[in-house]
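Examining the three-dimensional arrangement
Each chain is listed here by its residues.
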Amino acid sequence: MEPELYGADSTSLCRQVIDVLETDGELDERRLVAYFGRLQEKFDAGGVTETAFRNTRAQLGRIEAACARAGYFTTADDLFRRRMEITRQYHRFRFREHWEVSALIRRFGYWWWLFSSHYGTSVLRLAWFSVNVMLWFSVVYFVVDIFFRVRYEVSAFAPNVLFGFLSYFFLGIQGFFPGTALTLSASFTAQILLLVENIFGAILLISLVTVVARRVWRGAG
């Protein structure tokens, strides 16, 4: 590592990366890599405090914004994901240190966001997750409907909804969209299941809007 990078702390390296971006419009990857190294050293050394989390999130946000302005959208997305991961770790830290229920809820929310769409940066992951929701609910609907037909000799779902095995797949697709719990069910159990899928669908549709808006705003897609 070059001498001017070896002794620099994370704050200094953050400022240097931004200065080069704003002055020359170029991304100094050596300084960016050195910056990540300093952050890792800080956290590995036990420097995990609320101030450290806040400062790290702020620094990542400033570099991310500078990268986006300079047209380095891929790097900006990577920095955004790192910032969200730091935020998730921060809420885990808050719950561990202060037993805050709100921190636990936020941590779960960020985990969901990570798993479903890679913090809103991956359309493919969001599509994969949405299709899996539809497929697995289709299986659940099939099992529940068979149980109702065997036990009560009636369908758990509304008339003219099911015409064969393939209908359960289309039911899983319909149930993804909010409001269908009121029109597709003929039993309380089916209505609850459809309502749960409606909620999943609403959240994932909102996620899709944010993913598209993020790409349009940054000019990356």
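Residues numbered from 1 in each chain as written. Predicted model: local features only at pLDDT ≥ 70, side-chain atom pairs only at ≥ 80, totals over all residues. Heavy atoms only, no water.

1. Here's the deal with the overall build of the protein chain
Spelled out, the test is: Helix and strand labels come from DSSP, where a helix needs a run of H or I of at least four residues and a strand needs a run of E of at least two; each type is numbered from the N terminus. Between the two quantities, the radius of gyration covers C-alpha atoms and the globule rule is 2.2 Å times the number of residues to the power 0.38. Note on contacts: a residue pair qualifies if any of its non-hydrogen atoms lie within 4.5 Å across the two residues. Surface exposure here means Shrake-Rupley accessible area, sampled with a 1.4 Å probe, where a residue is shielded only by the protein chains that are shown. Only four residue types enter the charge count, namely Lys and Arg as positive and Asp and Glu as negative; His and the chain termini do not. Where a charge lies is defined by one atom per residue type: Lys uses NZ, Arg uses CZ, Asp uses CG and Glu uses CD.
Regarding its fold elements, the protein chain presents nine helices and zero strands. Secondary structure elements in the protein chain, listed N-terminal to C-terminal, are α-α-α-α-α-α-α-α-α. The C-alpha atoms of the protein chain give 24 Å as radius of gyration, which overshoots the globular expectation for 221 residues (17 Å, by more than 25%). Across the protein chain, every contact between residues at least 6 apart in sequence was considered, and the portion connecting residues at least 24 apart equals 60%. Total accessible area computed for the protein chain in this model is approximately 12,600 Å², and 64% of it derives from carbon and sulfur atoms. Charge separation in the protein chain, taken as the distance between the mean sites of 24 positive and 21 negative side-chain charges, equals 5 Å.

2. Re the layout of surface pockets
Any empty space left between atoms is shown by rolling a water-sized probe over those atoms. This is how it is decided: Method remark: on a 1 Å grid restricted to protein atoms, a set of points is classed as a cavity if a 1.4 Å probe fits but cannot get out and as a pocket if it is open with protein on both sides within 12 Å along at least five of seven lines; lining residues have an atom within 4 Å of a point. Grid points are joined across faces, edges and corners, and a volume is the space filled by probe spheres set on the points. When residues are grouped by polarity, Ala, Val, Leu, Ile, Met, Phe, Trp, Tyr, Cys and Pro land in nonpolar, Asp, Glu, Lys and Arg in charged, and all others, Gly among them, in polar.
Approximately 270 Å³ is the volume found for the largest pocket. Together, Phe36, Leu39, Gln40, Phe43, Val48, Thr56, Leu60, Arg82, Glu85, Ile86 and Gln89 line the largest pocket. Counting residues per element, the ones that place at least two in the lining of the largest pocket are helix 3 (29–44), helix 4 (50–70) and helix 5 (73–98). Of the residues belonging to the lining of the largest pocket, the class tally is six nonpolar, three polar and two charged.

3. A word on the pattern of salt bridges
How we decide: In the sections that follow, a salt bridge refers to a side-chain nitrogen of Lys or Arg positioned within 4 Å of a carboxyl oxygen of Asp or Glu. When accessible area is computed with a 1.4 Å probe and restricted to protein chains, residues below 20% of their type maximum are described as buried, those above 50% as exposed, and intermediate ones as partly exposed.
Enumeration over the complete set of coordinates arrives at 14 salt bridges. The closest approach of N and O atoms between Glu50 and Arg54, which form a salt bridge, is 3.1 Å. Here Glu50 pairs with Arg54, and both are found in helix 4, just four residues apart, close to one helical turn. Among the residues examined, Arg54 registers a relative accessible area of 44% and is labelled partly exposed. For Asp145, the salt bridge goes to Arg149, with nearest N and O atoms at 2.8 Å. With a gap of four residues between them, Asp145 and Arg149 both fall in helix 7 (residues 123–151), about one helical turn apart.

4. A closer look at the environment of Phe95
Tracing the chain through its elements places Phe95 in helix 5. For the pair Phe95 and Arg106, spaced 11 residues apart in sequence, the C-alpha to C-alpha distance is 9.9 Å.

5. Details of unusual backbone geometry
The phi angle at Trp99 is positive, at roughly 55°, despite the residue not being glycine. Relative to the elements of secondary structure, Trp99 occurs in the loop between helix 5 and helix 6 (101–117). At His118, a position not held by glycine, the phi torsion is positive, near 55°. By the secondary structure assignment, His118 is in the loop between helix 6 and helix 7.

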